Amino acid sequence: MENTRQQHFQEDEVTLKDLILKIQDWWKYLLSKWLTIIIVGLVGAGIGLTMSLLDKPDYKGELTFVVEDNSSSPLSAYAGLASQFGIDLGGRGSGTGVFEGDNVIEFLKSRLMIERALLSSVTYQGKTMSLAELYIDAYELRDKWKRPELRTLKFPVTETREGFSLVQDSVLNVIHEQIVKGKYKVEKLDKKLSFIKVQCISASEVFSKVFIQHIVDQAGSFYIDTKTRHNKINIDRLQQQADSLEKLLNRKTYSAAAIQDLNLNPARQAAGVNTELAVRDKFMLQTMYAEVVKNLELSKIAMAQETPVIQIVDRPILPLKKERLGKAKGIILGGILGGFLIVVFLLARKIYSDTMRGRG
C-alpha cells in the first residue's frame, strides 16, 4: 500500500513538473513572437480609435422626483361622523397603490405609461410631432424597414390611440420593447428614501430629455386621478344635493314670505297655519342644507389631504451629458483585445503543432 501511494505521488510530481515546463515553453514562444503581438496590438488600437471617431454619441437624461402622499388624513375623526349621514369621506383605506414601494418602478416601465409618453407631442426643429416619430427619426428606423407601408407610417398627435391600425400597434410595441430592454432605467436612489430616479439614454438629445419628463407627468396625472377618484365622486354627489336643496330652500323662503304678507290680520288664526307649515318646511330645508354643505366641505378637505404631490427634484437640462466611446478608451480596449486575440491564436497554433509532432 505504501509503495502504491509513493508511486502516485511521483506521478503527480512529474505531471506538475511537465506543466511548469510547458508554461515556460509557451512563454519563450510568445517572447519570440513579440513583434507580431505588438503589431497586432497596434492594429487593434487603431481599429478602436477609428470606432471611437465614427461612433455617434448617446445622450443621457436624468430626472429625480419624490411622491409626497398624505395617506394619514387628520379627518378620520370626521369620517365616522359623516358616515352616519351616508357620506364616505375616503382616506381610510390602506396605503397601497402604484406609487407605493417598488410598484412605481414597474409602473413607469409599463406599456401604458411608455405609450402615453411616446404619443405626447414635442416641438422639434420647428415641427410639432409625437415622441414616437422623433424616436423613429433618431434611430433611422424607416431606412431599416423593408415593408413600404412602414416607411410612410406616422403617429400624428391629433389621432386618438383607439383609432390606430394593427401596424401602428405593432410598431409601438417594438419601440416599447426597445426602450425597456435598452437604456431606460427607473430605480430608487436608496431603499430608505423615497427619491426615484428615471434615466433615459438615446441617440436624440431632445428625446432623452422630453421622454422622461412626459412619462413622469403622465404617471403623476394617472396616479392623482386614480387616488382621488373616489373622493371626487362623493364631492360631485354632495354638490348635486346641495344645489337641489338650495333651490328648494329659495322657493320655500319666497313662499313663506308671501304667505306672511297675506295674513297680516291677527284675527284670522286659521290662516296662520299655512304660515307655520311654510316656516317649518323652511327650517327643515335649512337644517338639511347646512348638513350637506358641511359634509361637502369636509369631503373637499379630505380630497385635498388625499391628493399626492409629485415633487420634481432634478430635471434634465440641455445640453445633456454625452456618452460615447472616447479616443483613449478606444485605443486601450482595441489594443488589449487585439493583443489578447493574437496571443490566443499563437498558443492554439503551437499546441496544435506540438500535438501533431508528438503523434508523428
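Residues numbered from 1 in each chain as written. Predicted model: local features only at pLDDT ≥ 70, side-chain atom pairs only at ≥ 80, totals over all residues. Heavy atoms only, no water.

## Focus: helix 6 (residues 131–138)
Note on helix geometry: an α-helix contains 3.6 residues per turn, so any two residues three or four positions apart are oriented the same way. Our working definition: In this scheme, a residue with accessible area under 20% of its type's maximum is buried, one over 50% is exposed, and one in between is partly exposed, where area comes from a 1.4 Å probe on protein chains only. A run of H or I in DSSP counts as a helix once it spans at least four residues, and a run of E counts as a strand once it spans at least two, with each numbered from the N terminus.
The element helix 6 is largely enclosed, with a buried count of six among its eight residues. Of the positions making up helix 6, those classed as buried are Leu131, Ala132, Glu133, Leu134, Tyr135 and Ile136. Residue Glu140 follows helix 6 closely and has a positive phi angle near 50 degrees.

## Some remarks on unusual backbone geometry
With an omega dihedral of -5 degrees, the bond running from Leu318 to Pro319 counts as a cis peptide bond. Unlike most non-glycine residues, Gln125 shows phi in positive territory, near 55 degrees. Within the fold, Gln125 resides in the loop between strand 2 (121–124) and strand 3 (127–130). Even without a glycine there, the phi angle at Glu140 is positive, about 50 degrees. Among the structural elements, Glu140 can be located in the loop between helix 6 and helix 7 (141–144). Glu140 sits in the partly exposed class, given a relative accessible area of 42%.

## Some details on the nonpolar core
Convention followed: Here, the term nonpolar core denotes a set of buried Ala, Val, Leu, Ile, Met, Phe, Trp, Tyr and Cys residues that are joined through side-chain atoms within 4.5 Å. Here, residues are in contact when the closest pair of their heavy atoms is within 4.5 Å.
The biggest cluster of nonpolar side chains holds 42 residues, and the ones touching the most others in it are Phe65, Leu118, Ile179, Tyr184, Phe207 and Phe211. Elements that contribute at least two residues to this core include exactly strand 1 (58–68), helix 4 (103–109), helix 5 (111–118), helix 6, helix 9 (166–181), strand 4 (184–188), strand 5 (196–202) and helix 10 (205–262). With eight residues, helix 10 is the single largest residue contributor to this core. In this structure, Tyr184 is in contact with Leu108, Lys109, Ile114, Ile179, Val198, Gln199, Cys200, Phe211 and Ile215, ignoring residues within four places of it in sequence. In this structure, Ile235, Leu238, Leu285 and Leu296 belong to the second largest nonpolar core, which totals seven residues.

In short, the description is geometric, and any link to function would need to be established separately.
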